[in-house]
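# A look at the structure
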Amino acid sequence: MSLTTSAPAKLSRRAKAAVVVRLLLNEGADIPLEDLPEELQSHLTKAMGQMRTVDRDTLSAVIEEFTAEVERIGLRFPGGIAGALDALDGKINPQTAARLRKEAGVRHAGDPWGRIREIGAEKLLPILKSESIEVSAVMMSKLEVKKAAALLSMLPGPRARQITYAVSLTGSVTPDAVERIGISLAMQLSAKPLGAFDSDPVERVGAILNSSTSITRDDMLEGLDASDQGFANAVRKAIFTFANIPKRIAPRDIPRVLREVDPNDMLVAMAGAEAAGMKATADFILENMSGRMADSLREEMQELTPPKPADHDTAAANMIAAIRKLETQGELILMAEDDDKGTK
C-alpha cells in the first residue's frame, strides 16, 4: 500500500506573500508591515481576506520557495532616494542630506512623532506658542509626560490652561489626523536653515566658560563686559556652575542628581566648596539629601585633605557635566534665574 500526496495548489505571488506573513505572525514574529508602501499593505490585507485554508503540501511548497528566494539575496539596497538618505543618516553631512531631500521632494521615513520627541523642549516651545490650540493639544498628548509637563510650565498661564483643556477634547481625533499633524510639525521643525553650528553663540561661549576654571571664567566675562555688555549678560545667564546649583536646581531633584555624579567628584567638590566661596552650595546639597548620606559625607569631608583649587574646579566641572547630561536627556529641568528676583 503506497501513500500519495496531492499536488501543491497554484497560488499567486500575493497569495504566497499572505501565506508567509500569516505563518510568521502565527509564530509570534514581529513584522514591520507598517514600513511597506500603503499600496502593498492594502494588497496584502485583501489577499489574506480572500483566503480560507491552505493544505500542508502547498504550505511546504510556499515555504521552500520563500526560503530559496531569501537565500539567493546577496545584498539589499533601500528603495529610492528616501531610503538611501535614511540609510546614510549620520554618515553624510546634514547640509547635503537636506539639499538632496529638498531636490527629491522626500521626507524622513517612519513615525514623525518619534523624531519630534527627540527634539529639546526649548525648540518645541515656539511651536506651542504659535500653533493653534488644537494642534498644540495633539502635540502635548504625543510627548512624554515629563517633557509635556516641563513645556506646560514654560507657557504663559492663559495659554497653558487653554491647551490643557483642549487635550480633554482630543478623544475624537483620528489617527490619520494625528499623523498629518506630526508630519507637518516635523517638516516645520526641519525646515529651519542649517547653520554651521548646532547652538547659538551665547550657548557656545557659555559651554566653554562652564568648563573653564573660575579665574579664567571671571576674566573672560570682564573682557566681554568691556566689548559687549549685552552679550556678556546673556552669557552669564547661559553659564551654569557649581555656585548656581541652589538657584537652578529644585531641592527635590538633588537626590536624582547625586545618583548620576561620581562619588569622588562629589566628595572633592563638596570638601573644597567653602574655600572656593561656595559654602552655600555645599549646605544646599547636604540639606536636600538623606540624613544618613549627609552625615556620612560630612565625615568623609572632614577626613579628606583639603583639595587644591584646581582639583576642586575639576570635580565641580564634572558634577556640572553630569547635571547637563540629565538636562539634555530630559530627566531634569533647570530653573530660570532672574537677575532681580533670584529664582522663579
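Rules behind the numbers
- Residues numbered from 1 in each chain as written.
- Predicted model: local features only at pLDDT ≥ 70, side-chain atom pairs only at ≥ 80, totals over all residues.
- Heavy atoms only, no water.
- Helix = DSSP H or I, 4+ residues; strand = E, 2+ residues; numbered from the N terminus.
- Buried < 20%, exposed > 50% of the residue type's maximum accessible area, 1.4 Å probe, protein only.
- Areas by Shrake-Rupley, 256 points an atom, 1.4 Å probe, with all protein chains shown as cover.
- Axes fitted to C-alpha atoms, helices over the stretch in contact; angles between N-to-C directions.
- Contact = heavy atoms within 4.5 Å.
- Nonpolar A, V, L, I, M, F, W, Y, C, P; charged D, E, K, R; others polar.
- Polar contact = N/O pair within 3.5 Å; in protein donor to acceptor, adjacent residues only side chain to side chain.
- Salt bridge = Lys/Arg side-chain N within 4 Å of Asp/Glu carboxyl O.
- pLDDT = per-residue confidence, 0-100.
- Core = buried A, V, L, I, M, F, W, Y, C linked by side-chain atoms within 4.5 Å.

## Focus on the overall build of the chain
- Looking only at helices and strands, the chain features 20 helices and two strands.
- With 344 residues in all, the chain has 28% of them scored as buried.
- Looking at the chain as shown, the accessible area adds up to about 22,600 Å², and 54% of this sits on carbon and sulfur atoms.

## So, the packing of helix α13 (residues 214-227) against helix α14 (residues 229-238)
- At a minimum axis separation of 6 Å, α13 and α14 run at an interaxial angle of 145 degrees. Along its contact with α13, which presents Leu-221, Leu-224, Asp-225 and Ser-227, the element α14 presents Gln-229, Phe-231, Ala-232, Asn-233, Val-235 and Arg-236.
- For the contact of α13 with α14, a count of residues per class yields five nonpolar, three polar and two charged.

## Remarks on the environment of Ser-168
- Here Ser-168 lies in the loop between α10 (157-167) and α11 (175-190).
- C-alpha separation for the pair Ser-168 and Ala-137, spaced 31 residues apart in sequence, amounts to 8.6 Å.
- At 2.4 Å, the side chain of Ser-168 and the backbone oxygen of Tyr-165 are in polar contact.

## Looking at helix α18 (residues 279-287)
- Among the residues of α18, Thr-281, Ala-282, Phe-284, Ile-285 and Leu-286 are the ones counted as buried.
- If you follow the buried residues of α18, they end up packed against α15 (245-248), α16 (254-260), α17 (263-271), α19 (291-303) and α20 (309-328).

## Re the pattern of salt bridges
- Overall, the coordinates contain seven salt bridges when judged by the stated rule.
- One salt bridge in this structure joins Glu-65 and Lys-16, with 2.9 Å as the shortest N-O distance. Taken together, the positions of Glu-65 in helix α3 (residues 56-72) and Lys-16 in helix α1 (residues 13-26) put the pair 49 residues apart, joining distant regions of the chain.
- Judged by its relative accessible area of 31%, Glu-65 falls in the partly exposed class.

## Some points on the confidence of the model for the chain
- Averaged over every residue, the pLDDT of the chain is 82; the share at 70 or more is 87%.
- For residues 339-344, every residue scores under 50 in pLDDT, and the model assigns this stretch eight contacts once sequence neighbours within four places are set aside.

## A word on the nonpolar core
- Within the largest apolar cluster, 31 residues are counted, with the highest numbers of intra-cluster contacts made by Phe-242, Ile-245, Ile-249, Met-270, Ile-285 and Ile-323.
- Those elements that provide at least two residues to this core are α16, α17, α18, α19 and α20.
- Per-element tally for this core: the top contributor is α20, with seven residues.
- One finds Ile-116, Leu-124, Ile-163 and Ile-181 within the second-largest nonpolar core, a separate group that totals 25 residues.

## Overview of the environment of Lys-247
- As for its placement among the helices and strands, Lys-247 is situated in helix α15.
- Sequence separation of Lys-247 and Thr-281 is 34 residues, and the distance between their C-alpha atoms is 9.2 Å.

## A look at the side chain of Ser-136
- Its place among the elements puts Ser-136 in helix α8 (residues 133-142).
- Beyond its immediate chain neighbours, meaning those up to four positions away, Ser-136 contacts Ile-127, Leu-128, Glu-131, Arg-159 and Ile-163.

## A few points about the packing of helix α7 (residues 121-130) against α8
- Relative orientation of the contacting elements α7 and α8 amounts to 145 degrees, with a least axis distance of 8 Å. Where α7 approaches α8, its residues Leu-124, Ile-127 and Leu-128 are matched on the opposing element by Ser-136, Met-139 and Met-140.
- The residue inventory of the contact of α7 with α8, partitioned by class, reads five nonpolar, one polar and no charged.

## Observations concerning the environment of Pro-201
- Mapping Pro-201 onto the fold places it in helix α12 (residues 201-210).
- For Pro-201, a relative accessible area of 43% corresponds to the partly exposed category.
- Separated by 34 residues in the primary sequence, Pro-201 and Val-235 place their C-alpha atoms 8.8 Å from one another.

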